[in-house]
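Fold and contact review
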Amino acid sequence: MPAKPQIAIVGPGRLGGALSFALTAAGYRVSEVISRVTPSSQKRARDIARKTRSFSTTLKTANLKSDLIWFCVPDREIARAARALIPSAEWKGKVAFHSSGALASGELNVLRRRGAAVASVHPMMTFVRGSIPSLKGVAFALEGDAKAIRLARKITRDLGGDAFPISKVDKIAYHAWGGFGSPLLVAMLVTAERVAKAAGLSAAQARKIMMPIVRQTLANYIALGPAAAFSGPIVRGDVSIVRKHMRKLRKIPRAKEVYVALARAAMQYLPSRNRKELGKILAL
Ligand SMILES: NC(=O)c1ccc[n+]([C@@H]2O[C@H](COP(=O)([O-])OP(=O)(O)OC[C@H]3O[C@@H](n4cnc5c(N)ncnc54)[C@H](OP(=O)(O)O)[C@@H]3O)[C@@H](O)[C@H]2O)c1
């Protein structure tokens, strides 16, 4: 295996695009970007290939000369894409990664059985269209065959990330945890926008006005820890204010559910006063 092996990316989506750019910037050659056989998927692969000076192919035309094949397809498609690519290569000696946070390297067993070393390599980062995050300092959870893990560690280092081992059995909990760091955080913020509407503010205004407090809260949480970063009526034990919130939120039932769930978590995991009375108010 060369020090910087050639890499084929399967799946020209959010992760596949961002990873192709990051790998190229780190001195790796992305040899091909493999898409589905649909015009939109092929176009996405062509766009990434143009920007990374590689080639775009499909599951049918893939020309797997690369040493490493990195599956960046949705979790439910990993095993299927691996099966589709069986005839495209002599798998003995190759390495294959997928990047599911929830699923283990066993999703690539069809390739493992044919002699490939396989691993799951999950960056704890969010990749969305229209934004390419830096991978500097990003944790990559690794699990799989020793040879594949060695290569994943090196690539993670070259990308500026920090590799750490995860066991198969811990992956689901790990992934559920990660959900709180981004998708559920966004869900919480979009719920907050609905509450802002009840105060007469548009979603755009709410985002602009909330930004400084959200940023400062994250900075405080990181620098000072959760208890010291926690302010508001629950830590003050301000029962009458929480009661008023609950009344007002009756008109926005989903937001009320979120408020109650988070307030209960706060009472369990964070400092709070007047817990008994607050507990009664927060019983749905
Ligand atoms: N996005 C994130 O924040 C993030 C973070 C960490 C890990 N991951 C992991 O990265 C993987 C990809 O997620 P994503 O968010 O990048 O998904 P995505 O944006 O939906 O991209 C998936 C890509 O795979 C293509 N595809 C689907 N089925 C395929 C198949 N059978 N063969 C070949 N290509 C196929 C899709 O084709 P079309 O172009 O036709 O849709 C699309 O281009 C998942 O395992 C996910 O868990 C994602």
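Provided above is the structure to which this section pertains.
Residues numbered from 1 in each chain as written. Predicted model: local features only at pLDDT ≥ 70, side-chain atom pairs only at ≥ 80, totals over all residues. Heavy atoms only, no water.

What about helix α5 (residues 146-158)?
Using the following cut-off: Numbering goes from the N terminus for both helices and strands, where a helix is a DSSP run of H or I of at least four residues and a strand is a run of E of at least two. One less than the residue count of a helix, multiplied by 1.5 Å, gives the span that helix is expected to have. Three labels apply to residues, based on accessible area from a 1.4 Å probe with only protein chains included: buried if under 20% of the type maximum, exposed if over 50%, partly exposed otherwise in between. This arc corresponds to the set of directions leading from the helix axis out to the C-beta atoms.
Here α5 spans 19 Å end to end across 13 residues, near enough to the 18 Å set by a 1.5 Å rise per residue. Among the residues of α5, those classed as buried are A148, I149, L151, A152, I155 and T156. One face of α5 carries all of its buried residues, which in axial projection span an arc of 165°. Facing away from the buried side of α5 by more than 90 degrees, the exposed set consists of A146, R150 and R157.

A short note on the environment of K147
Short version of the rule: Contacts are residue-level and defined by heavy atoms, with any inter-residue pair within 4.5 Å sufficient. Any pair of nitrogen or oxygen atoms within 3.5 Å is treated as a polar contact; in protein, a donor-acceptor pairing is required on top of that, and neighbouring residues in sequence qualify only through side-chain atoms on both sides.
Turning to its location among the elements, K147 is positioned in helix α5. A sequence separation of 53 residues divides K147 from G200, and the C-alpha atoms of the two residues are 58 Å apart. With residues up to four places along the chain from it excluded, the contact list for K147 reads M1, G93, V95 and A117. There is a polar contact of 3.1 Å between the side chain of K147 and the backbone oxygen of G93.

Some thoughts on the packing of aromatic side chains
Formally: For Phe, Tyr and Trp, where Trp contributes only its six-membered ring, two rings pair if their centres lie within 6.5 Å, and the inter-plane angle classes them as stacked under 30 degrees, edge-to-face over 60, or tilted in between. Note on geometry: a ring has a charge over it if NZ (lysine) or CZ (arginine) is within 6 Å of the ring centre and within 35 degrees of the ring normal.
Throughout the structure, instances matching the rule amount to 3 aromatic pairs. Relative to W177, the ring of Y174 has its centre 5.8 Å away and its plane inclined at 65°; by these criteria the two rings are edge-to-face. A residue pair is termed a helical-turn pair when its members lie 3 or 4 positions apart in one helix, as Y174 and W177 do in helix α6 (residues 171-181) at 3 residues. For W177, a relative accessible area of 56% translates into the label exposed. Aromatic rings pair up to connect F164, Y174 and W177 into one cluster. Positioned over the ring face of Y28 is K4, at 5.3 Å from the centre of the ring.

Brief notes about the pairing of strand β4 (residues 68-71)
Selection rule: Strand pairing requires that DSSP identify at least two bridges connecting the strands. Crossover handedness is defined here as right-handed if the route from the first strand over the helix to the second strand goes clockwise, with the strands pointing away from the viewer.
Across the two faces of β4 the burial is the same, with L68 and W70 and I69 and F71 all buried. In this structure, β4 lies alongside strand β5 (residues 95-98), joined through 4 bridges in parallel fashion. Its bridge partner lying in β5, F71 is registered against H98. Running through helix α3 (residues 78-84), the crossover from β4 to the neighbouring parallel element β5 is right-handed.

Description of the side chain of S41
In this structure, S41 sits in helix α2 (residues 39-52). S41 has contacts with P12, S35 and R36, leaving out every residue within four places of it along the chain.

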